[in-house]
Amino acid sequence: MTQPPQKPNCRFENSAEFRFYEELNDFLRPAQRKHTLIYRFNGNPGIKDPIEVFGVPHSEVDLILVNGESVGFGYQLENADRVAVYPVFEGFDIAPIIKLRAAPLRRMAFVVDVNLGKLAKLLRLFGFDTVFTNALNDTEIAAISVEQQRIVLTRDRRLLFAKAIIHGYWVRAVDPLQQLAEVIQRFDLAHQLRPFCRCTACNGLIEPVEKQAVLDLLAPKTRLYYERFYRCQVCGKVYWEGSHIDHIRQRFAGYLSGTAT
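Residues numbered from 1 in each chain as written. Predicted model: local features only at pLDDT ≥ 70, side-chain atom pairs only at ≥ 80, totals over all residues. Heavy atoms only, no water.

### Focus on the sheet that holds strand β5 (residues 82-87)
Moving on, step 1. The strand order β2-β1-β5-β3-β4 describes an open sheet built from five strands, whose pairing is mixed. In this open sheet, the two strands that pair with only one neighbour each are β2 (37-41) and β4 (69-70). (Pairing = 2+ DSSP bridges. Helix = DSSP H or I, 4+ residues; strand = E, 2+ residues; numbered from the N terminus.)

Structure follows, in structure tokens:
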């Protein structure tokens, strides 16, 4: 006699408590934010899986504590574990306790996706090493992030779930100036601003150059009224301290003084 098919066993034998902190709550459903969440499971899954099941990209996580002890993404979840998940720390050094990566995030270099072109130019304007072109696809962004140890900045949450990406940040704001303020605050960059040292077109460093060396590249009025010039070491673009520099200084005075919010 043919036996009726057995129903799959949907009972979960184990459960663990998860708590997500600070801006990691932005990835959770509203009812889940700033609450202890129960994750039910069988066996011993890697801890990275439930974190991403809740919707939090692993690349936004910098510290995981299980029962008060720091663990890596390879940790196998056990019944009754209590898990605390934290975002990137920039206010203090967590190197002695971090287990996720070889070292916590410290070098401020970025690779920016195609939806954040204006932000990329603003970051370069303030001296931050920022890779951006309209031609980069998600796979190339992830590869650059890993090979050059850059933080991925994106408006696309899905990109941050890419397995290869180690450090990434989902930019919440839509307006470019608000995006700049958000990134400066998020990574504690107010004291690292070095305006007018990078080319906004290609990200290369700029250096002083003799006027005679760039004379043929200047418009007639620029030749007449200006004497101090700078040139990008990579693409050769020429800069000078015209009225546009004063305009930039006035427009971004809050950021340059460290008072912008």
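### Notes on the packing of helix α2 (residues 117-125) against helix α4 (residues 176-186)
Moving on, step 1. Their axes nearest at 9 Å, the elements α2 and α4 cross at an angle of 55°. Classified by the angle their axes make, α2 and α4 are oblique. Of the two possible hands of crossing, α2 and α4 adopt the one that is right-handed. Residue-level inspection shows Lys118, Leu119, Leu122 and Leu123 of α2 in contact with α4, the latter providing Pro176, Leu177, Gln179, Leu180 and Val183.
Moving on, step 2. Residues of the contact of α2 with α4, tallied by class, amount to seven nonpolar, one polar and one charged. (Axes fitted to C-alpha atoms, helices over the stretch in contact; angles between N-to-C directions. Parallel < 35°, antiparallel > 145°, perpendicular 65-115°, else oblique. Left-handed = near helix turned anticlockwise from the far one by under 90°. Contact = heavy atoms within 4.5 Å. Nonpolar A, V, L, I, M, F, W, Y, C, P; charged D, E, K, R; others polar.)

### Focus on the packing of aromatic side chains
The description of an aromatic ring pair uses the distance of the two centres, along with the angle that the planes make with each other.
Moving on, step 1. Scanning all chains against the criterion turns up twelve aromatic pairs.
Moving on, step 2. With a centroid separation of 5.8 Å and 20° between ring planes, the pair formed by Tyr39 and Phe41 is classed as stacked.
Moving on, step 3. On the basis of relative accessibility, which here comes to 16%, the residue Tyr39 falls in the buried class.
Moving on, step 4. Residue Phe41 is classed as buried on the basis of its relative accessible area of 2%.
Moving on, step 5. Consider the rings of Phe110 and Phe128, whose centres lie 6.4 Å apart with planes at 75°: the pair is edge-to-face. Of this pair, Phe110 sits in strand β6 (residues 109-112) while Phe128 is found in the loop between α2 and β7 (129-131), placing the two residues 18 residues apart along the sequence.
Moving on, step 6. Residue classification places Phe128 among the buried residues on the basis of a relative accessible area of 3%. (Phe/Tyr/Trp six-rings, centres within 6.5 Å; stacked < 30°, edge-to-face > 60°. Buried < 20%, exposed > 50% of the residue type's maximum accessible area, 1.4 Å probe, protein only.)

### Some remarks on α4
Moving on, step 1. Within the sequence span of α4, burial applies to Gln179, Leu180, Ala181, Glu182, Val183, Ile184 and Arg186.
Moving on, step 2. For α4, the N-terminal capping position is held by Asp175, with its side-chain oxygen 3.1 Å away from the main-chain nitrogen of Leu177.
Moving on, step 3. Following α4 by one or two positions, Asp188 adopts a phi angle in the positive range, close to 55°. (Polar contact = N/O pair within 3.5 Å; in protein donor to acceptor, adjacent residues only side chain to side chain.)

### Details of the sheet that holds strand β10 (residues 206-209)
Moving on, step 1. Strand order in the open sheet formed by three strands is β10-β11-β12, with antiparallel pairing between adjacent strands. Edge positions in the sheet fall to β10 and β12 (238-240), since each has one partner strand and no second. The mean angle between the axes of side-by-side strands here comes to 35°, regardless of whether they run parallel or antiparallel.
Moving on, step 2. Sheet analysis places strand β11 (residues 229-232) next to β12, joined by three bridges and oriented antiparallel. Residue pairing across strands places Tyr230 opposite Tyr239, the latter belonging to β12.

### Looking at the pairing of β6
Moving on, step 1. Residue alternation in β6 divides its side chains into two sets, Ala109 and Val111 and Phe110 and Val112, and both sets are buried.
Moving on, step 2. Note that β6 and β7 share three bridges and pair parallel. Across the sheet, residue Phe110 finds its bridge partner in β7, namely Thr130.

### Remarks on the environment of Phe132
Moving on, step 1. Here Phe132 is to be found in the loop between β7 and α3 (138-147).
Moving on, step 2. Its relative accessible area of 16% is what places Phe132 among the buried residues.
Moving on, step 3. Between the C-alpha atoms of Phe132 and Leu116, which are 16 residues apart in sequence, the distance is 8.6 Å.
Moving on, step 4. Phe132 has contacts with Val112, Asp113, Val114, Leu116, Gly117, Ala120 and Arg124, leaving out every residue within four places of it along the chain.

### Here's the deal with unusual backbone geometry
Leave glycine aside and you will find that most residues have negative phi; peptide bonds, for their part, are mostly trans.
Moving on, step 1. In this structure, Asp188 takes a positive phi of about 55° despite not being glycine.
Moving on, step 2. Summarising the element assignment, Asp188 is placed in the loop between α4 and β10.
Moving on, step 3. A positive phi angle, near 85°, is found at Asn203, a position not held by glycine.
Moving on, step 4. Looking at the element boundaries, Asn203 is found in the loop between α4 and β10.

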